[in-house]
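Here is what each chain is made of, one letter per residue.
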Amino acid sequence: MYYIGIDVSKKALSVFDGKVSLEFENVAGLKPFYRYLKKHYKHFDNLVLIFEATGIYSDSLREFCATHQIKAYILNPKQSHNFAKSLGVRSKTDKIDARVIWRYQSLIPKERIQVPVIDPEIKMLASYLTSYQFIQVQRTAVSNHLESVTDNTLRKLLEKELLRKQQLEARLLGDIKSYIQEHPGLAEDYQRLMTISGIGEKLAFSLLFLFRHYQGTNRAQITALVGLDPIYKESGTSVKGKIKISKNGNRYIRKMLYLPTLCAIKNNKRISLFYQRLINNHKPKKVAVIAAMRKLLLVAHAVYHNKTEYVPG
């Protein structure tokens, strides 16, 4: 098996093949990179590209792998960052990052190496959600800044900007709903998620993207993808820390789960009983809420996976 480590940036792919470092322009199609691979590898059956999930910057490389049936392992950026620290690598350049990513091959589970699958419907939904989240952040920033502004002229200007962002946010939300309704598969899954008490339309959109994008994931994997998986700190008898969640997954969805979970604790019988049992067993409220968040996520995942409407407990 031949491995290539790739550090992806906005403009370039920094590549290390185990011997030499190279750089290719990060543009649609990646034709120069393809010519390099065709010249140095007779076929792609034994080739694995390792790169980080860097949002829109890595999309072209993911699509490249899908188009040419090249296997890939896509790293969580925190994984490569922690791996670099474990190697004692202090400097950070694109070339060094590519070498570190190449060395990660020894830790890759073989079953996780596969050709990426591009789902056009989910790709478009992801674009909508990314734009919606971006506008949400901007709207919140303007709203928070507005509270400290005392000058009337500046305040009126910012109020107009806030209104514009609120209108754009509402329009994007409507566009997301329309897009889902136009695609029967998405619409059916969305309606099933909406049958779960506590889950509203915004969370349903995000969970639909998560479940559809990571098809075939099990309970443990979907929990880890949202960063709600527990981490333990124990070593002999001298070290025994509190159990915490990893926070290594999608922080946006993790944040979105919080308020719906509080709602579900009050209105969803299954989540309420689960939460109350933890409280009765003297678990701190914060721990019980996080556990309820995980429970709500897994209930939603089961509804999506089994293609059935939610049956209240």
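Residues numbered from 1 in each chain as written. Predicted model: local features only at pLDDT ≥ 70, side-chain atom pairs only at ≥ 80, totals over all residues. Heavy atoms only, no water.

S.K.: Honestly, the sheet that holds strand E4 (residues 47-52) in this entry has me stumped. Any pointers?
M.R.: Sheets are built from strands paired through backbone hydrogen bonds, the pairs being either parallel or antiparallel. The strand order across the open sheet formed by 5 strands is E3-E2-E1-E4-E5, and the pairing between neighbours is mixed. Every interior strand has two partners, whereas the edge strands, strand E3 (21-25) and strand E5 (71-75), have only one. Across this sheet, the average inter-strand angle for adjacent strands is 25°, counted without regard to direction. Examined bridge by bridge, strand E1 (residues 2-8) and E4 share 5 bridges and lie parallel to one another. (Pairing = 2+ DSSP bridges. Helix = DSSP H or I, 4+ residues; strand = E, 2+ residues; numbered from the N terminus. Axes fitted to C-alpha atoms, helices over the stretch in contact; angles between N-to-C directions.)

S.K.: Looking at this structure, I do not really get helix H3 (residues 77-86). What am I missing?
M.R.: Residue pairs spaced three or four apart in an α-helix point in one direction, given the helix's 3.6 residues per turn. Within the span of H3, buried status applies to Ser80, Phe83 and Ala84. Looking straight down H3, one finds its buried side chains confined to an arc of 100°; they lie on one side. Across H3 from its buried face, at more than 90 degrees, point the exposed residues Lys85 and Ser86. Looking at the buried positions of H3, the neighbouring elements they touch are E4, E5 and helix H4 (94-103). Just downstream of H3 lies glycine 88, where phi reads positive at about 80°. (Buried < 20%, exposed > 50% of the residue type's maximum accessible area, 1.4 Å probe, protein only. Arc of directions from axis to C-beta. Contact = heavy atoms within 4.5 Å.)

S.K.: Quick question: what am I supposed to make of the pairing of E5 here?
M.R.: One face of the sheet, then the other: side chains in a regular strand alternate in exactly this way. Where E4 and E5 come together, 5 bridges link them in parallel fashion. Of the residues in E5, the one forming a bridge with isoleucine 50 is tyrosine 73. Of the crossover connections in this fold, the one passing from E4 over helix H2 (residues 59-67) to the parallel E5 is right-handed. (Right-handed = clockwise from strand over helix to strand, strands pointing away.)

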